[in-house]
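# Chains, contacts and geometry: an overview
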Amino acid sequence: MTSTQRLAYLKGHGTENDFVIVPDPDGRLDLPRAAVARICDRRAGLGGDGVLRVVRSAAHPEAQDQADEAEWFMDYRNGDGSIAEMCGNGVRVFARYLLHAGLVEAGDLAIATRAGVRRVHVAKTGDVTVSMGRAELFEESVVVTVGGRSWPARNVSMGNPHAVVFVEDLAHAGDLLAVPPFSPASVYPDGVNIEFVADRGPHHVAMRVHERGSGETRSCGTGACAVAVATARRDGPAPAETGTPAIYTVDVLGGSLSITELPDGTVEMTGPAEIVAEGTFEPAWLTAALA
Ligand SMILES: N[C@H](CCC[C@H](N)C(=O)O)C(=O)O
């Protein structure tokens, strides 16, 4: 990219989990970790919980095997520049962008991700539904300790790792400014997203989250899925045993998500996705950020 070219960006969010969208269809842009952190910096940069780089699957080495099924690859990065396998709120915003940019028709589409192809239903307005794949629950657990209280966590993967902690009151999570201490650390060698969950009523919970690579965010889509599945297992037999879907409302700080676990184990998430603004990076700023 020459210094005169102006790289476009958009800002979007899903239940206030916000992202900088960077269209890069031919995969020409090298986005090192430090550059992503600079873009996500809420004072010196645009600000965001993460970056969604939009690349044709055929143009990205990690997505070429998905290219026959999904034209577009969501290259997701956390706010600190680290790479994560999946971002649930991000994939809704990504689908909203593809429709906004005229790259897809409204309806059902497939999006390539590091966790595999995800099927999405996006209409011109209204909520977006994502089939998030199956949750994996693991026996091995960690103990999370905050403010002198300790709790066992449920170990749930949605393609990315989650530790789900049930608490009486979300205030017990503390300020979430740092990673809540957990042990043994060996259970999550690559770090973990930690969700604190409190009941709000039948099939209705509220959560706060400290996200790996982004800190406390207003919402975490994969986290809401992990929370809904962990709560369903706490409340009774799995949909696979009952043949009945388990439907949970998960309140996050930035809104509410509806999560359904189907008898075949597939988890579906429905929630909003908005494009807030679009613009271009100042070439000098971007050149310095990419250096
Ligand atoms: N921080 C997460 C990725 C983003 C997850 C979250 N923003 C979502 O909506 O799923 C991780 O490192 O696994």
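Computed from a predicted structure; not experimentally measured.

Right, let's talk about the domain arrangement of the chain for a bit. For the chain, the assigned domains read domain 1 (8-127 + 274-290) and domain 2 (136-271). Averaged C-alpha coordinates put domain 1 and domain 2 at centres separated by 24 Å. At the interface, 20 residues of domain 1 touch 22 residues of domain 2. When domain 1 packs against domain 2, the two sides together hide about 1400 Å² of surface, and 45% of this comes from carbon and sulfur. On the surface where domain 1 and domain 2 come into contact, there are two salt bridges. Arg-212 is paired through a salt bridge with Glu-85; the nearest N and O atoms lie 2.8 Å apart. Between domain 1 and domain 2 we count 11 residue pairs in polar contact (both at pLDDT 80 or more) in total.

Here we take up unusual backbone geometry. What you tend to see is this: most non-glycine residues have negative phi, and most peptide bonds are trans. The amide bond that connects Ser-183 to the next residue, Pro-184, takes the cis arrangement and shows omega of 0°. One non-glycine residue with positive phi stands out, namely Leu-176, at about 55°. Looking at the secondary structure, you find Leu-176 in the loop between strand E12 (161-166) and strand E13 (182-183). With a relative accessible area of 4%, Leu-176 lands in the buried category.

Taken as a whole and assessed by the stated rule, the structure comprises 20 salt bridges. With its nearest N and O atoms 2.8 Å apart, the salt bridge here joins Arg-114 to Glu-62. Of this pair, Arg-114 sits in the loop between strand E5 (107-112) and strand E6 (118-122) while Glu-62 is found in the loop between strand E3 (50-56) and strand E4 (72-78), placing the two residues 52 residues apart along the sequence.

Axes are the key here: two packed helices are described by the angle between their axes and the distance separating the axes. Two elements in contact, helix H1 (residues 33-40) and helix H5 (residues 283-290), have axes whose closest approach is 8 Å; the angle formed by their N-to-C orientations is 135°. When the axis of H1 is compared with that of H5, the two are oblique. Every residue of H5 that contacts H1 at Ala-35, Arg-38 and Ile-39 is listed here: Trp-285, Ala-289 and Leu-290. Looking at the contact of H1 with H5, its residues break down into five nonpolar, no polar and one charged.

Turning our attention to the pairing of E6. Here E6 shows one buried face, formed by Arg-118, Val-120 and Val-122, and one open face, formed by Arg-119 and His-121. One ladder, built from five bridges, connects E5 with E6; its direction is antiparallel. Bridge pairing links Ala-110 to Arg-119 in E6. Linkage of E5 to E6, two consecutive antiparallel strands, is achieved through a turn of five residues, within which Gly-116 is found at a positive phi near 105°.

Calculation rules
- Residues numbered from 1 in each chain as written.
- Predicted model: local features only at pLDDT ≥ 70, side-chain atom pairs only at ≥ 80, totals over all residues.
- Heavy atoms only, no water.
- Domains from an automatic or database assignment.
- Contact = heavy atoms within 4.5 Å.
- Buried area = accessible area lost by both parts, 1.4 Å probe.
- Salt bridge = Lys/Arg side-chain N within 4 Å of Asp/Glu carboxyl O.
- Polar contact = N/O pair within 3.5 Å; in protein donor to acceptor, adjacent residues only side chain to side chain.
- Helix = DSSP H or I, 4+ residues; strand = E, 2+ residues; numbered from the N terminus.
- Buried < 20%, exposed > 50% of the residue type's maximum accessible area, 1.4 Å probe, protein only.
- Axes fitted to C-alpha atoms, helices over the stretch in contact; angles between N-to-C directions.
- Parallel < 35°, antiparallel > 145°, perpendicular 65-115°, else oblique.
- Nonpolar A, V, L, I, M, F, W, Y, C, P; charged D, E, K, R; others polar.
- Pairing = 2+ DSSP bridges.

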